[in-house]
Amino acid sequence: MTEKSGKPRDGFAHGTGERDGTGYDVVVVGGGAAGLSAALVLGRARLRALVVDAGEPRNAPSSHMQGYLSRDGMSPAAFLAAGREEVAGYGVELLAGRVTDVTRNDTGTGTADFTALLDGGRTVRARRLIVATGLKDELPAVPGVAERFGRDVLHCPFCHGWEVRDQPFGVLASSAMSVHQALMVSRWSKDVVFFLHTVAEEELSDQDLRRLAAAGVDVVPGEVAGLVAEDDRLTGVRLADGSVHARSVLYVGPRPVPRTSLLERLGAELSETPFGAYPVVDPTGLTSVPGVWAAGNAVGFAEQVVHAASGGYRAAAAIVGDLLMTDLDTATTG
């Protein structure tokens, strides 16, 4: 049988971190789905863990999240609140704040390999580090897009397509790659207009045009000047020539900006992609820096909540085994 309570039965954590208030087995940077999932595994493994969260979840503009079995339709805020309560029940410490810098200490002792500086000036030490800082979505600079993002301006049909199905869709092109988004959303509506915006029609390939026609997607050239809303609902997309196309949903393609500054400071190898530079990781999330794992949108722009939670779990499980073997090897050779 397992027993869950606010703290372990003897009143303190059983990890190998130091007990001076600054030392932990693992520091988790980021308290979203990936970070909290990792923290849950670490707490249940009786390791001393600290989660430092800046409170900037990528899905904060959304009122609900979808596609997470048993959590479908739950608000992101409620999801994170439930997660924090769960991990706290296993003795994991939660701290609102930001890790501004981190250094790796090659002491050779295996006890405190990293020093993290927090925005309030406090420093904490950890034997292992999980970076789950996610990314920031940089929205197209079209008036009305930022204000309506997460409501009727959307970016992911898997996240919100069912809720707006069969409505008149618009798709705002940000590059020729936006064709893929226009084709995908046609699964949820047969009334789709692809606004080329700043993309020239000549940039689209013949295959792009054939697929768009086959999907029934109308292609409209011309720069988008802004959105039209009535009674706080999107009603149309206005072009620079003054014409308005009636639409009740607009899909956009934000530019993902990975939060990789801490990984860069540690010297982690990054891989350039069309959607930003992300750390090179193994299947558990281990980066090129020994002792540093990454999870969630910190490793890729397309990680949904369910993927992020899975990645955090895998990283934490790998760390549990890594620390155990390190301690056993130290005990047998020391």
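None of these values were measured; they are calculated from a predicted model.

**Describing the pattern of salt bridges**
Applying the stated rule across the entire model yields 13 salt bridges. The shortest N-O distance in the salt bridge between Arg265 and Asp101 comes to 3.5 Å. Of the two residues, Arg265 sits in helix α7 (residues 261-265) while Asp101 sits in strand β4 (residues 99-104), which places them 164 residues apart along the sequence. Owing to a relative accessible area of 47%, Arg265 belongs among the partly exposed residues under this scheme.

**Examining the confidence of the model for the protein**
The predicted model of the protein averages 90 in pLDDT, with 92% of residues at 70 or higher. Across residues 1-19, where pLDDT falls below 50, the model places 32 contacts with residues more than four positions away in sequence or in other chains.

**Some thoughts on the pairing of strand β5 (residues 114-118)**
Every second residue of β5 is oriented toward a common face, the buried set being Phe114, Ala116 and Leu118 and the non-buried set Thr115 and Leu117. In the sheet, β4 pairs with β5 via five bridges, with the strands oriented antiparallel. Across the sheet, Val99 pairs through a bridge with Leu118, a residue of β5. Turn length for the β5-strand β6 (residues 123-131) hairpin, with the two strands adjacent in sequence and antiparallel, is four residues, and the turn residue Gly121 shows positive phi of about 100 degrees.

**Remarks on unusual backbone geometry**
One non-glycine residue, Ser70, lies in the positive phi region at around 80 degrees. Checked against the element boundaries, Ser70 lands in the loop between β2 (49-53) and α2 (76-88). Of note in this structure, Asp232 is not a glycine but carries a positive phi near 60 degrees. Secondary-structure assignment places Asp232 in the loop between β12 (224-230) and β13 (233-239).

**Some thoughts on the packing of helix α1 (residues 33-44) against α2**
Between α1 and α2, the shortest axis-to-axis distance is 9 Å and the interhelical angle comes to 20 degrees. Between α1 and α2, the angle is such that the two are roughly parallel. Considering how the two elements wind past one another, α1 and α2 form a crossing that is left-handed. Judged by residue contacts, Ala33, Leu36, Ala39 and Leu40 of α1 engage Phe79, Leu80, Gly83, Arg84, Glu86 and Val87 from α2. Taken together, the residues that form the contact of α1 with α2 break down as seven nonpolar, one polar and two charged.

**A look at the sheet that holds β13**
The antiparallel open sheet is built from three strands, whose spatial order is β12-β13-β14. With partners counted over all chains shown, the strands left at the sheet margins are β12 and β14 (244-246), one partner each. Each neighbouring strand pair of the sheet contributes to a mean axis angle of 30 degrees, computed without reference to strand direction. Sheet topology note: the β13/β14 ladder contains three bridges and is antiparallel. Bridged to Arg238 within β14 is Val244.

**A closer look at the packing of α1 against helix α8 (residues 305-333)**
Across the interface, α1 lies against α8 with an axial gap of 7 Å and an inter-helix angle of 35 degrees. Two packed elements cross with a definite hand, and for α1 against α8 that hand is right-handed. Contacts between α1 and α8 involve Ala33, Ala34, Ser37, Ala38, Val41 and Leu42 from the former and Val305, Ala308, Ala309, Gly312, Tyr313, Ala316, Ala317, Ile319 and Val320 from the latter. Counted by class, the contact of α1 with α8 contains 13 nonpolar, two polar and no charged residues.

**Section: the sheet that holds strand β11 (residues 217-220)**
Strand order in the open sheet formed by five strands is β8-β15-β9-β10-β11, with parallel pairing between adjacent strands. Edge positions in the sheet fall to β8 (153-154) and β11, since each has one partner strand and no second.

**So, the side chain of Thr287**
With respect to the helices and strands, Thr287 occurs in the loop between β18 (276-279) and β19 (292-294). Of the polar contacts made by the side chain of Thr287, one reaches the backbone nitrogen of Val289; its length is 3.1 Å. Apart from the residues lying within four places of it in its own chain, the contact partners of Thr287 are Leu263, Ala268, Pro279, Val280, Val281, Val292, Trp293 and Ala294.

Each value, and the rule that gives it
Residues numbered from 1 in each chain as written. Predicted model: local features only at pLDDT ≥ 70, side-chain atom pairs only at ≥ 80, totals over all residues. Heavy atoms only, no water. Salt bridge = Lys/Arg side-chain N within 4 Å of Asp/Glu carboxyl O. Helix = DSSP H or I, 4+ residues; strand = E, 2+ residues; numbered from the N terminus. Buried < 20%, exposed > 50% of the residue type's maximum accessible area, 1.4 Å probe, protein only. pLDDT = per-residue confidence, 0-100. Contact = heavy atoms within 4.5 Å. Pairing = 2+ DSSP bridges. Axes fitted to C-alpha atoms, helices over the stretch in contact; angles between N-to-C directions. Parallel < 35°, antiparallel > 145°, perpendicular 65-115°, else oblique. Left-handed = near helix turned anticlockwise from the far one by under 90°. Nonpolar A, V, L, I, M, F, W, Y, C, P; charged D, E, K, R; others polar. Polar contact = N/O pair within 3.5 Å; in protein donor to acceptor, adjacent residues only side chain to side chain.

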